[in-house]
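# Breakdown of the fold
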Amino acid sequence: MKRCVSLLLVLALVFGIVPWALAADEAEITYTGTITGGSLHLRKEPNASAKVLNTYKKGTKVEILENDGAWCKVKAGGKTGYMMAQYLDIEANYPHLGWAKTTDDGTVLNVRAQADGSSEIIFMCMSGAVFELVEEKGDWYRVRAGAKFGYLPKAKCHVMEEGEFALGLSAGGDGAPITAAGMYSAVREMGNPRKTSRDEGDFTYSISYPALGIAAADEKIEAWIQEKLTVFEADFRQNHAGGKASFTVEYQALNVDSRYQSVLLFGEYKAGGLKAETALALNIDAGEGKLLSPERDFFRDEAQWALFCLDSAAGSVMSTPTDGYAGKPDTSWLKYAVLARDGLQVFLPAGLYLPAAFGTQRLLLSYAQLADRMTLSSPVIAAHLRVIDPAKPMIALTFDDGPSEYTDRILKVLAEYNARATFCVIGNKVETYGDVIKRAVAQGNEIACHTWNHTKLTTLSAASIRSQIERTNNAVRELTGGYEIKVLRPPYGSVNKNVRTVCAELDMVIAHWKIDTEDWSTRNSTKTYNAIMKGSKNGVIILCHDLYMTTAAAAEKAIPKLIEKGFQLVTVSELLSFHKDGAQPGTVYSYLDPENIVTAGE
Ligand code: ZN
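First things first, this report covers the structure right here in the doc. (Residues numbered from 1 in each chain as written. Predicted model: local features only at pLDDT ≥ 70, side-chain atom pairs only at ≥ 80, totals over all residues. Heavy atoms only, no water.)

## Things to note about the overall build of the protein
A tally of regular secondary structure across the protein gives 14 helices and 33 strands. Restricting to contacts in the protein with at least 6 residues of sequence separation, those with at least 24 account for 67%. (Helix = DSSP H or I, 4+ residues; strand = E, 2+ residues; numbered from the N terminus. Contact = heavy atoms within 4.5 Å.)

## Description of the side chain of R386
The residue R386 is located in the loop between α6 (379–382) and β25 (394–402) in this model. Among the polar contacts listed, one links the side chain of R386 to the side chain of E574, at a separation of 2.8 Å. Other than its neighbours up to four places away in sequence, R386 contacts D372, N418, R420, L569, V570 and E574. (Polar contact = N/O pair within 3.5 Å; in protein donor to acceptor, adjacent residues only side chain to side chain.)

## Considerations on the pairing of strand β2 (residues 30–35)
Most of β2 is tucked away, with five of its six residues classed as buried. One ladder, built from four bridges, connects β2 with strand β5 (residues 61–67); its direction is antiparallel. Bridge pairing in β5 links T34 to K61. (Buried < 20%, exposed > 50% of the residue type's maximum accessible area, 1.4 Å probe, protein only. Pairing = 2+ DSSP bridges.)

## Regarding the sheet that holds strand β24 (residues 361–366)
Strand order in this open sheet of three strands is β22-β23-β24, and the pairing throughout is antiparallel. Each having just a single partner strand, β22 (337–339) and β24 make up the two edges of the open sheet. Taking each pair of neighbouring strands and ignoring which way they run, the sheet shows an average axis angle of 25°. Relative to β24, strand β23 (residues 343–348) is paired through six bridges, and the arrangement is antiparallel. (Axes fitted to C-alpha atoms, helices over the stretch in contact; angles between N-to-C directions.)

## Some details on the packing of aromatic side chains
Counted under the stated rule, the structure contains eight aromatic pairs. Judged by centre distance (4.4 Å) and plane angle (10°), the rings of F232 and Y269 are stacked. A residue pair is termed long-range when its members are at least 10 positions apart, and F232 in helix α2 (residues 215–239) and Y269 in strand β19 (residues 260–271) qualify at 37 residues. Y269 sits in the buried class, given a relative accessible area of 0%. Joined through ring pairs, the aromatic side chains of F203, Y205 and F236 make up one cluster. Residue placement shows K154 over the ring face of Y141; its charged tip is 5.3 Å from the ring centre. For K514, the ring lying beneath its charged end belongs to Y591, and the centroid distance is 4.3 Å. (Phe/Tyr/Trp six-rings, centres within 6.5 Å; stacked < 30°, edge-to-face > 60°. Lys NZ or Arg CZ within 6 Å of the ring centre and 35° of its normal.)

## Overview of helix α7 (residues 407–416)
Every α-helix winds through 3.6 residues per turn, so residues three or four apart in the chain are directed the same way. Taken together, the buried positions of α7 are occupied by T407, I410, L411, V413, L414 and A415. Positive backbone phi, at 50°, marks N418, one or two positions downstream of α7.

## Topic: the nonpolar core
Counting 68 residues, the largest nonpolar core has Y269 and L365 as its most contacted members. In terms of residue count, the dominant contributor to this core is α2 (eight residues). (Core = buried A, V, L, I, M, F, W, Y, C linked by side-chain atoms within 4.5 Å.)

## Digging into the coordination of the zinc ion
Every protein donor of the zinc ion is accounted for by D401 (OD), H450 (NE2) and H454 (NE2), and the metal-donor separations fall at 2.0 to 2.1 Å. Mapping the donors of the zinc ion onto the primary sequence yields the spacing D-x48-H-x3-H. Residue classification places H450 among the buried residues on the basis of a relative accessible area of 2%. (Donors = N, O, S within 2.8 Å, 3.2 Å for Na, K, Ca; no water.)

These figures come from the coordinates and say nothing about function on their own.
Here it is as structure tokens:
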């Protein structure tokens, strides 16, 4: 199995570790390089003026024998020589057994060079980290830790099941490199700055923290500092005695608004040329003088929505779409979340909840996504609450015939822009795409019925029409724990008296469309995008199909553009809720005439 580790190599350089310096008796880890420049010389020596043995074109794959960071010793076309590492995209080839989440007991985890507790420590991080499993060896697992491969005791590893949650990482997902690492900025808006330090001796520390004057918070900060000092000094005495170690803590202390405050302490422990990061996040209700628990106090829905948002945020730093939300919900990462002015910031020390390869991460869960689901009453958060202004133009995007493998792409861009759409689902796809539907609902989108198996309803008896609709509605209700479908989108738009009567009985409206993008026919993202933009007028319902990659691509482009043009993207039910006569069950709507919109002033 090939895994791209070019960024891991950068990390390796940063930490001064060369992954090739590992013992060779285990399953071999090999490296392949692909030439990224126009062409690349193979030289006799690792030196830019050395003799050129041959020249290879971009895209050529070479076998990498050694890598010192600047030069790679490579085998290319039967010749052995040196190429400049910066022009090679390097992949590691190694077995992949799965992923492990390590026991989180607050201690330091040491990844060893050998399956032996006294061998050299090659990687260090806090317990609770995620590792990729490469090989089994007695009581040890060989793991990948960033750019390095080493050993962890099996007793420390919990092997994750398929789909098990680890902050967006599905078991079997890939650990490809990140695009950007986020760091915190040391903003100090409150508290009296304090510092405790010891500069002499082999274990030194320098800890900055705020004294807030709120007993619960101050006690927690002091206890955390004491605990970390104890853990790190013990680790140092046990594993790095004779050398030097340091522990530094910096902090951010934010006044979010007049009531809520947050503090983040970010600590770095260094020993033996390695480092481990740790963090403490505190959220304070200054009005009540107490600490808040994000898991308990921030959200409705047991933080499920935050989990979904985190999952999409993690998706932005990981190369594969994530399915953590669909797996076992784990919200323990919320202990690293602090309130900020633009959203909930999640600070993840390297290796915690994301594989070590991803480095330190700061993920922002914007209030635009979260506000509807948050229970805190804060003007900062309230400013992001979803309010539809009937005096401003609105559009209802609808997606028929799904869900499909492309629906998630549309959901993601909708979430990003705090926009909503209506997904007209086919009943017999509900089971297969249950997670997608749950996500769509959690995000505030509307689910409409597009019949059980895409039947032209006008060819059926009233009883069969009813069955087509109810079977679909029941499946969605069961899946989501009670979501009630209020809209029918009849296949082919076919409606007769029976369809209208059944819908009236089921308290459902019938949604046609004003604009048909004909995406099903053109299958061209530019044409679909143009059709959406050309048809965008106040009150219209636009028909698309989330069955095609081209439609997902068009939506990714159109949604930000529509928002930029001032449109509110609403669901069909949201749109019709502004009708002056209300939405009438059994009635067909294809748009909402601005003449009929009840605005706030009326
Ligand atoms: Zn259809």
